[in-house]
Amino acid sequence: MSSAVARPAPRWPGRLVSTAARKTFLADERPRLALWLAVALGAGVLVYFAWPSEPPPAARWLAPPLSLLALWIGARRPVAGLLLGLLAAGTVGFALTSWQAERMSPLQEAPRGATILSGVVAEVELLPDGRRVTLRAAQFDGGPQEERLVRLRLKPQDPARPEPGDRLTIRAMVRPPGAPAYPGGWDFQRAAYFSGLGGSGYALGMADLAPGETRPLFAALRASIEARVAEALPGVTGAIAAALITGGQSAIPGADLAAMRDSGLAHLLSVSGLHIVAVMGIAFTLVRCGFAFAMRLPGKAIAAMTALAVGAGYLLLSGAQVPMQRSFAMAAVTTLALLAGRRALSLRVLALAAAAVILVQPAAILGASFQMSFAAVLALIAGWDWLRPRLPQGGQRAAWRRRLALALFGVVATSVLAGFATMPFALHHFGRVQLYGVVANAVAVPVTSLLVMPAALAAVLLMPLGLESLALAPMGWGVEVILGVARLVASWPGASLAVQPIPAWGLGVCAMGLLWLCLWRTRWRLAGVPLLAIGLLSGMADRPPDLLVSGDGRLIALRAGNALFLQRQSGASSFVREVWHRMHGENGIEALPRDGMAANGALRCRAGACALRPDPAGVEAVLLRGEAPELACATAAVVVSAEPVRGACLAQVVDRFAVWRNGPHAVWLNNDGARVISDRAWRGDRPWVPPVPSPRGLASAAPLAAVD
C-alpha cells in the first residue's frame, strides 16, 4: 500500500494564506509559468503599436540588460526571475518591432495621374475576371527603381499571360494604400508598410511582356500549379482546389467566398494546420512503409525528417502565410519531440510556435489570421488536456466502438472549441457570428482530410508526369461536396448574424480571459470566464460615432436612431460604405432625406443642410449641402461639409480641407459638447502614416486603388 497522502486541491489566490499553500500552488502551476513568456513577447509588440508616437531607438537597448538580469536573478530566485523575465520578454517584443519598423523601406509617393509602369513580375494571381500581378523593382515613367512592391490588376480582356520573372510594362493608375475607413479602423497603410507594399492600382491599357532571364522558383511553381488546376477543374471548383494547394484565394468568386464564410468553412481556404498535417502525415506514412523491411535503418527518423522537408516545401509553396507559419513551426517542434520520445502536441509547442512567428513577423499579431489561428489551436490543446482524463475507458472488445465514438465526438468538440475561441476575434474584425459552423465542419473537415488533401498531394506529385488529372478529378468531387455544404448551410436562416463589432479594448479583455483559462491548470483559471464574458459584451458599452466623414469627403454618414443616413457623392468608395455599415452592426442604411425629419426628430433636413441632434438636451451637428455656413457656424457645435468652408467659424469644422490634411473624421455628440477625432490624431506620428500633404494643391480626384 502506498503511503502517499492525497494532496488537497489548491485554493484561490486570495485564500493562499499559508506558506505550504503557496508552495502547493506554485508546484502545480510551475510547468505553465514559462508559457507566459510568449504572451509577454506579444504584449511588448502590442505596446509598440499602441505607443502614441514613434519611440526613440535608444529604448531598444533596455531589452538586453533586462534579459541578462532576469537570467541572473532566476538562477537564485525563480519566481522573481520569472516576473522580471516577463518584463524582459515584453521589452524584447517592443525593441524587435521598433527595429523592424526602422529597417523597412520608406513610403513611396505614387504619381498623381496615369503613368507608364514597368517592373519585374514577382507574383501572378488569378482573379475571377482576369489576373493581378505584383511587381518588384518598379519604375514610374522610367524613373528610379522603387524599393517597395506594386500590385496591379490587369484588364480582364488582356491577352498577356505574365509569369514570375517576366518584365512587364503597362499604362496604369497607381495609388498608395488607403487610410483606415474611420479613426481606429483597420490600418491598411500599416499592413502595407510591414508587408513591403508601396501601391496598388489598375491597368489602363494592355500589358507588354518581355521574357525574364530567371524565374523565382516557388512563385513560378505556384503560378504553374494554379494554371494547371484551373485547366483541369474550370470554374469555382478549380479556384477552391488551387486555394487548398497554394493558399491563393483571389480566383474564388465573391458569392462563394461569402458562402464559405457564412457557413464557418472559410478556415479551410487558409492553408494551415489541417492541410499541413494531412500532407506531412501522408508523406510520413509513405516513407515509413517504404522502410518497413529495412530493419537496420532508422525508418521512423527518416520518415519524420522527410515529412518535415515536405512541410517546409509546402510552406514556401503556399507563400508562408501566418497560419502556415504557425502550423509549420508546430510541426517542426512536434517532429523533433517525436524523435526525442517526448510528448508531441502541447501548449509549450504552441508557445514556441507563437514566439517564432512573432520574432519573424511582429506585425502579424495585429491581424485576424494570427489571432484566430492561435486562439483556435490554444483552445483545442487546452480543451483536450482537460478532457482526456475524463473520457470513459473501455476494454479491448469495445476498442473499435470507443474509437469511433471518440472520432465523432472529436469532430464536434473541435468545431465547438475552435468556434468559441475564435468568436471574439471574428466579432472584432468582421462583426459576424456563424451559428451552424459545427454542422458544416462535421461534414467538410473529414472530406478535406480523407479525400481532398490526399488527392491534392497526389496531383502535385503527378504534375511532372502530366497525369495530375487522375488525382484532380477526385479532388474536385471533394471540393464540390465542401462547396455544396457551404452553400446549403449559408442559406439557412440566421446562418451568419451581423452584430456590432466589439472594440479593441474588449478584444484585449477576451484575449486575456482566453489565455488565463487555457494556460493555467488549477481552479483559478476559471477567472478567465468572466473576463471572456465582459469582453464579448463590450460592444454594448461601446458607442459608435454619431457622424463619420470619409478621407475624400465623398461619403458622410449620420447615425440617428437605428439607421445610418448617408450622403454619397459620385466616386465614393463602396468598400468604406460596407465597413461603416458593419461597424454599426449592419443596421439599416438610408439616403439623407431632402426635406423633413427622421428618427423621431433626431435628424432634420432642409434643402441646404441637415441638423443632427441625437439627444434633445445635447449639442447639434450640421451637415451643409449648399447652404451658406454663417448660420450653422453660429449655432452648431460641429459643421460638416463635403466642400471647403470659407471664412471664420466658431464651431469645429470638418470639411474637404480637414479630411485632405488629416484623413477620415469621427464625431461624437454629447451633452457637454462634441468630440471630433481625425485619423491622423488617432494614429499619431508613425512611419506608416503619410506626412501632412503639401499645399501645392488638393489630392488627386482619382479614387484610391481598391484595397487587396
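About the cut-offs
Residues numbered from 1 in each chain as written. Predicted model: local features only at pLDDT ≥ 70, side-chain atom pairs only at ≥ 80, totals over all residues. Heavy atoms only, no water. Helix = DSSP H or I, 4+ residues; strand = E, 2+ residues; numbered from the N terminus. Buried < 20%, exposed > 50% of the residue type's maximum accessible area, 1.4 Å probe, protein only. Contact = heavy atoms within 4.5 Å. Areas by Shrake-Rupley, 256 points an atom, 1.4 Å probe, with all protein chains shown as cover. Expected span 1.5 Å × (residues − 1). Pairing = 2+ DSSP bridges. pLDDT = per-residue confidence, 0-100. Disulfide = S-S within 2.5 Å. Polar contact = N/O pair within 3.5 Å; in protein donor to acceptor, adjacent residues only side chain to side chain. Core = buried A, V, L, I, M, F, W, Y, C linked by side-chain atoms within 4.5 Å. Axes fitted to C-alpha atoms, helices over the stretch in contact; angles between N-to-C directions. Patch = residues over 30% accessible without salt bridge, like charges linked within 9 Å, V, L, I, M, F, W, Y side chains within 5 Å. Salt bridge = Lys/Arg side-chain N within 4 Å of Asp/Glu carboxyl O. Phe/Tyr/Trp six-rings, centres within 6.5 Å; stacked < 30°, edge-to-face > 60°. Lys NZ or Arg CZ within 6 Å of the ring centre and 35° of its normal.

Visitor: Looking at this structure, how should I read the overall build of the protein?
Guide: In terms of regular secondary structure, the protein is built from 23 helices and 20 strands. The burial tally for the protein puts 48% of its 708 residues in the buried class. Long-range pairs, those at least 24 residues apart, make up 66% of the contacts in the protein with a sequence separation of at least 6. Put simply, the protein shows about 34,300 Å² of open surface, and 64% of that area lies on carbon and sulfur atoms.

Visitor: Teacher, can you tell me more about helix H12 (residues 347-360) here?
Guide: Since one α-helical turn is 3.6 residues long, residues separated by three or four positions face the same way. Helix length check: H12 (14 residues) gives 20 Å between terminal C-alpha atoms against 20 Å at 1.5 Å per residue, within 8%. Buried within H12 we find Leu347, Val349, Leu350, Ala351, Ala353, Ala354, Ala355, Val357 and Ile358.

Visitor: Sorry if this is basic, but what is going on with the pairing of strand E20 (residues 673-678) here?
Guide: When a strand is regular, its side chains alternate between the sheet's two faces. In terms of strand pairing, strand E19 (residues 665-670) meets E20 through 6 bridges, oriented antiparallel. Paired with Asn670 across the bridge in E20 is Gly673. Taking the residues between adjacent antiparallel strands as the criterion, E19 and E20 are bridged by 2 residues.

Visitor: Honestly, the confidence of the model for the protein in this entry has me stumped. Any pointers?
Guide: Should the pLDDT be low somewhere, the predicted coordinates at that spot are not to be read in detail. On average, residues of the protein score 84 in pLDDT, and 88% of them are at 70 or above. Under a pLDDT of 50 for its full length, residues 1-17 has, in the predicted model, 18 contacts with residues more than four places off or in other chains. When the criterion is pLDDT under 50, residues 697-708 qualifies, and its contacts beyond four places in sequence or with other chains add up to 23 contacts.

Visitor: Would you mind going over the pairing of strand E11 (residues 563-568) with me for this structure?
Guide: Across the 6 residues of E11, 5 count as buried, placing the element largely inside the fold. Alignment of strand E10 (residues 555-560) against E11, held across 6 bridges, turns out to be antiparallel. Bridge pairing links Ile556 to Gln567 in E11. The turn linking E10 back onto E11 is made up of 2 residues, and Gly561 within it adopts a positive phi angle of 65 degrees. Across 4 bridges, the pairing between E11 and strand E12 (residues 588-591) is parallel. Residue pairing in the sheet places Leu564 in a bridge with Ile589 of E12.

Visitor: Help me out: how do you make sense of the state of the cysteines in this one?
Guide: By definition, a disulfide links the sulfur atoms of two cysteines through a covalent bond. By the definition in use, this model includes 2 disulfides. Covalent S-S linkage joins Cys605 and Cys610, the inter-sulfur distance amounting to 2.0 Å. Between Cys605 and Cys610, the S-S torsion sits near 115 degrees, and that sign places the bridge as right-handed. A relative accessible area of 0% means that Cys610 is categorised as buried. Through a disulfide, Cys633 is tied to Cys649; the S-S separation comes to 2.0 Å. Linking Cys633 and Cys649, the disulfide has an S-S dihedral of approximately -105 degrees and is accordingly described as left-handed. Of this pair, Cys633 sits in helix H21 (residues 630-635) while Cys649 sits in the loop between strand E17 (638-641) and strand E18 (652-654), and the two are 16 residues apart along the sequence. The exposure class assigned to Cys633 is buried, which follows from its relative accessible area of 8%. The connectivity of the disulfide-linked cysteines in the protein, indexed sequentially, is 1-2, 3-4.

Visitor: Honestly, the side chain of Ser550 in this entry has me stumped. Any pointers?
Guide: Mapped onto the elements of the fold, Ser550 is located in the loop between strand E9 (547-549) and E10. There is a polar contact of 2.7 Å between the side chain of Ser550 and the side chain of Asp552. Setting aside anything within four residues of it in sequence, one finds Ser550 in contact with Leu555, Val576, Trp580, Val659 and Pro664.

Visitor: Any chance you could explain the nonpolar core here in plain terms?
Guide: Note on soluble globular proteins: their nonpolar side chains tend to be buried together. If you look at the biggest cluster of nonpolar residues, it comprises 53 residues, and the most contacted ones within it are Phe49, Phe194 and Leu514. Only helix H2 (35-50), helix H4 (78-103), helix H5 (188-195), helix H11 (322-339), H12, helix H13 (368-387), helix H14 (399-429) and helix H17 (504-519) provide two or more residues apiece to this core. For this core, the element with the highest residue contribution is H12, accounting for 9 residues. Not counting chain neighbours up to four residues away, the residues in contact with Leu514 comprise Ala375, Leu378, Ala421, Phe425 and Leu532. Grouped together as the second largest cluster of nonpolar side chains are 50 residues, Val229, Leu308, Ala331 and Val485 included.

Visitor: Help me understand the sheet that holds E17, please; the structure alone is not making it clear to me.
Guide: If you trace the 6 strands from one edge of the open sheet to the other, you get E13-E14-E15-E16-E17-E18, paired in mixed fashion. Of all strands in the sheet, those with a lone pairing partner are strand E13 (596-598) and E18, marking the two edges. Geometrically, the sheet is characterised by an average inter-axis angle of 20 degrees between neighbouring strands, direction not taken into account. In the sheet, strand E15 (residues 609-612) pairs with strand E16 (residues 621-624) via 4 bridges, with the strands oriented antiparallel. What sits directly across from Cys610, in E16, is Leu623.

Visitor: Looking at this model, I keep getting lost on a nonpolar patch on the surface. Mind explaining?
Guide: The grouping of Met305, Leu336 and Leu339 at the surface amounts to a nonpolar patch, some 270 Å² of accessible area in total. Examined against the element boundaries, Leu336 turns out to sit in helix H11.

Visitor: Looking at this model, I keep getting lost on the packing of aromatic side chains. Mind explaining?
Guide: Both the distance between ring centres and the angle between the ring planes are used here to describe each pair of aromatic rings. According to the stated counting rule, one finds 17 aromatic pairs in the structure shown. An angle of 75 degrees between the planes, with centres 5.1 Å apart, marks the rings of Tyr48 and Phe49 as edge-to-face. Phe49 sits in the buried class, given a relative accessible area of 11%. One aromatic cluster is present, built from ring pairs that chain together Tyr48, Phe49, Trp51, Phe94, Tyr193, Phe194 and Trp688. The side chain of Arg190 reaches across the aromatic face of Trp186, ending 5.3 Å from its centre. The residue whose ring lies beneath Arg686 is Tyr48, and the NZ or CZ to ring-centre distance is 4.7 Å.

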